[in-house]
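Examination of the molecular architecture
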Amino acid sequence: MRADRLVATLLLMQTRGRVTAGELARELEVSVATARRDLEALSAAGVPVYPQPGRGGGWQLVGGARTDLSGLSAREARALFLLAGPAATAAPEVKSALRKLMGALPGTFRAEAEAAADAVVVDQAGWGERPKDRPPMVELLRDAVIARRKVRLTYGGRQPSERLVDPWGLVDKDDVWYLVAGTAKGRRTFRVDRVVAAVPTDEPADRPSDLELAAVWDEVVEEVEQRRSLLTADVVLARRHLDVMRGRFGRHCEPVADLPGDRVRVRVAAPAPIMIAQELAGWGALVEVEGPDSVRSELARLGSELVARYAR
């Protein structure tokens, strides 16, 4: 998480006084490009860090080799703790880092920084849902990513398969964890809760030197969303229900035309006709599916089954 890195960057600069982007990249297990962007982001946000070119140069905080971070303004300190505070509810390491940073702040800023850290709570469980536990395999895989060691995965359901992978990084998407890894067949993504076993090896992992995990994950998301939108259907409904429909289909619900009577035509998408029909069946007469016929047929079949079971 970037907030963690920004806090860690400030603490590292406080301890060492001056760091290069390369040193920061090694310490935080990120690419040099990512470390440089984080330093530039801190500078652009007004945090008093500046680069010193030439041999023996690097980035340092204004105020000397060991600063008390007094260069931070009250607004900057508040912004930093607002950013990192919610993450601390689930990450003990971030809590520890915030406490250390709090001690380095001028006394006049601490009260506001403490208030900012406690101002936001992130509750990732939806209404009616239980909080999801982090899969126990996450910690093991995270350590393998940091150590840059290959992992032997046993993955799958009834007939698990075993493969040797190069772990590139972990992604938490809506409380579901994924491992992005290199394999003999190229990049692959594994759901961590489907990993039956994982054994780190002593063999160094092959990780592209210019790999940006966020950019790779964007590619994964785009590929998955394309597969999820193989079939589209045109649906007419009252405009007042549009937000609810968007909530059901997310990015796969696109308004395409305004219609008389304050109605709207939307285009929804899913991998198969039955999946669209299942989402729409509960709407009853509130919606009209104009096509395709495959979705209309699935709706008719579902309706017939319900009538056969529940009609008196």
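All of these numbers come straight from a predicted model, not from anything done at the bench. (Residues numbered from 1 in each chain as written. Predicted model: local features only at pLDDT ≥ 70, side-chain atom pairs only at ≥ 80, totals over all residues. Heavy atoms only, no water.)

1. Thoughts on the overall build of the chain
Rule in force here: Helical segments are the DSSP runs of H or I of at least four residues, strand segments are the runs of E of at least two, and each set is numbered from the N terminus. A 1.4 Å probe and the Shrake-Rupley method give the accessible areas. Residues count as covered only by the protein chains that appear here.
Tallying secondary structure elements over the chain gives 11 helices and 12 strands in all. Of the roughly 18,500 Å² of accessible surface on the chain, 51% is carried by carbon and sulfur atoms.

2. Re the packing of aromatic side chains
So the rule is basically this: Stacked, edge-to-face and tilted labels apply to pairs of Phe, Tyr and Trp rings (six-membered ring for Trp) whose centres lie within 6.5 Å, assigned for plane angles under 30 degrees, over 60, and everything in between, in that order. Residue exposure (1.4 Å probe, protein chains only): buried if accessible area is under 20% of the type maximum, exposed if over 50%, otherwise partly exposed.
In this structure the tally under the stated criterion is 2 aromatic pairs. Residues Tyr155 and Phe190 carry aromatic rings whose centres are separated by 5.1 Å and whose planes lie at 80° to one another, so their mutual orientation is edge-to-face. Of this pair, Tyr155 sits in strand β4 (residues 149-155) while Phe190 sits in strand β7 (residues 186-191), placing them 35 residues apart in sequence. Phe190 shares its class with Tyr155; the two are buried. Here Tyr178 and Trp217 contribute two aromatic rings whose centre-to-centre distance is 5.4 Å and whose plane-to-plane angle is 40°, an arrangement assigned as tilted.

3. With respect to the side chain of Ser31
The cut-off we apply is this: Here a polar contact is taken to be a pair of N or O atoms separated by no more than 3.5 Å, where protein atoms must pair a possible hydrogen donor with a possible acceptor and residues adjacent in sequence count only if both atoms sit in side chains. Throughout, a residue-residue contact means that at least one pair of heavy atoms, one from each residue, lies within 4.5 Å.
Here Ser31 lies in the loop between α2 (21-28) and α3 (32-44). In this structure the side chain of Ser31 is engaged in a polar contact, spanning 3.1 Å, whose partner is the side chain of Glu212. What Ser31 contacts, discounting residues up to four positions off in sequence, is Ala25, Ser209, Leu211 and Glu212.

4. Section: the environment of Ala35
In this fold, Ala35 is placed in helix α3. On a C-alpha basis, the gap between Ala35 and Ala21 in space is 5.5 Å, while along the polypeptide they are 14 residues apart. Setting aside anything within four residues of it in sequence, one finds Ala35 in contact with Ala21, Leu24, Ala25 and Val30.

5. Some thoughts on α3
Put simply, the test is: Expected span of a helix: the number of residues minus one, times 1.5 Å. The directions considered for the arc are those from the helix axis to the C-beta atoms.
Under the 1.5 Å per step criterion, the end-to-end length of α3 is 18 Å for 13 residues, consistent within 8% with the ideal 18 Å. Buried within α3 are the following residues: Thr34, Ala35, Asp38, Leu39 and Leu42. Down the axis of α3, the smallest arc covering the buried residues is 140°, so these residues share one side.

6. Concerning the sheet that holds strand β9 (residues 231-238)
Counted only if it meets this: Strands pair, by our definition, only if DSSP identifies at least two bridges between them. Axes, fitted as lines to C-alpha atoms, cover a helix only where it is in contact. Angles between the N-to-C directions of the axes lie from 0 to 180 degrees.
Within the open sheet, the 4 strands sit side by side as β10-β11-β9-β12. Their pairing is antiparallel. Across the chains shown, the open sheet's two edge strands, defined by having one partner strand only, are β10 (253-259) and β12 (287-291). Taking the axes of each pair of neighbouring strands and ignoring which way they run, one obtains an average angle of 30° across the sheet. Strand direction decides the pairing type here: β9 and strand β11 (residues 263-270), joined by 8 bridges, are antiparallel. Residue Ala238 lies in a different strand from β11, and its bridge partner there is Arg263. Against the sheet, helix α9 (residues 242-249) makes contact with β9, β10, β11 and β12, and its axis sits at roughly 5° relative to β11, the strand it touches most. Together, β9 and β12 form the strand contacts of helix α11 (residues 293-310), whose direction differs from that of β12 by roughly 135°.

7. Topic: the sheet that holds strand β6 (residues 176-183)
Pairing is antiparallel across the open sheet formed by 5 strands, whose spatial order is β7-β6-β5-β4-β8. The open sheet terminates on both sides in strands that have one partner only, identified here as β7 and β8 (195-204). Shown here is a sheet whose adjacent strand axes are inclined to one another by a mean of 45°, direction ignored. With 6 bridges joining them, β4 and β8 adopt antiparallel strand pairing.

8. Here's the deal with the nonpolar core
To keep things clear, this is the line we draw: As used in this record, nonpolar core signifies buried Ala, Val, Leu, Ile, Met, Phe, Trp, Tyr and Cys residues forming a set joined through side-chain atoms within 4.5 Å.
Among the nonpolar cores identified, the biggest contains 18 residues, and Val235, Met245, Val266, Val268, Ile276 and Leu280 are the most heavily contacted of them. Of all the elements in the fold, those that place two or more residues in this core are β9, α9, β11, α10 (273-281) and β12. Apart from the residues lying within four places of it in its own chain, the contact partners of Val266 are Ala233, Asp234, Val235, Leu237, Leu242, Met245, Cys253, Glu254, Pro255 and Val256.

9. Comments concerning unusual backbone geometry
A cis geometry characterises the amide bond from Gly291 onward to Pro292, with omega recorded as 5°. Note that Pro292 resides in the loop between β12 and α11. Despite not being glycine, Arg148 shows a phi value in the positive range, around 55°. Tracing the backbone shows Arg148 in the loop between α7 (137-147) and β4. Arg148 sits in the partly exposed class, given a relative accessible area of 22%. Phi at Asp262 is positive, roughly 55°, even though this residue is not glycine. Within the secondary structure layout, Asp262 lies in the loop between β10 and β11.

10. Structural notes on the pairing of β10
As defined by bridge partners, β10 adjoins β11 across 6 bridges and the pair is classed as antiparallel. Counterpart to Asp258 in the pairing with β11 is Val264. In textbook terms, the turn of a hairpin is the stretch between consecutive antiparallel strands, and for β10 and β11 this stretch comprises 3 residues, one of which, Gly261, has a positive phi near 75°.

11. Things to note about the environment of Pro204
Assignment of secondary structure puts Pro204 in strand β8. Sequence spacing of Pro204 and Ala144 is 60 residues, and the spatial spacing of their C-alpha atoms is 9.9 Å.

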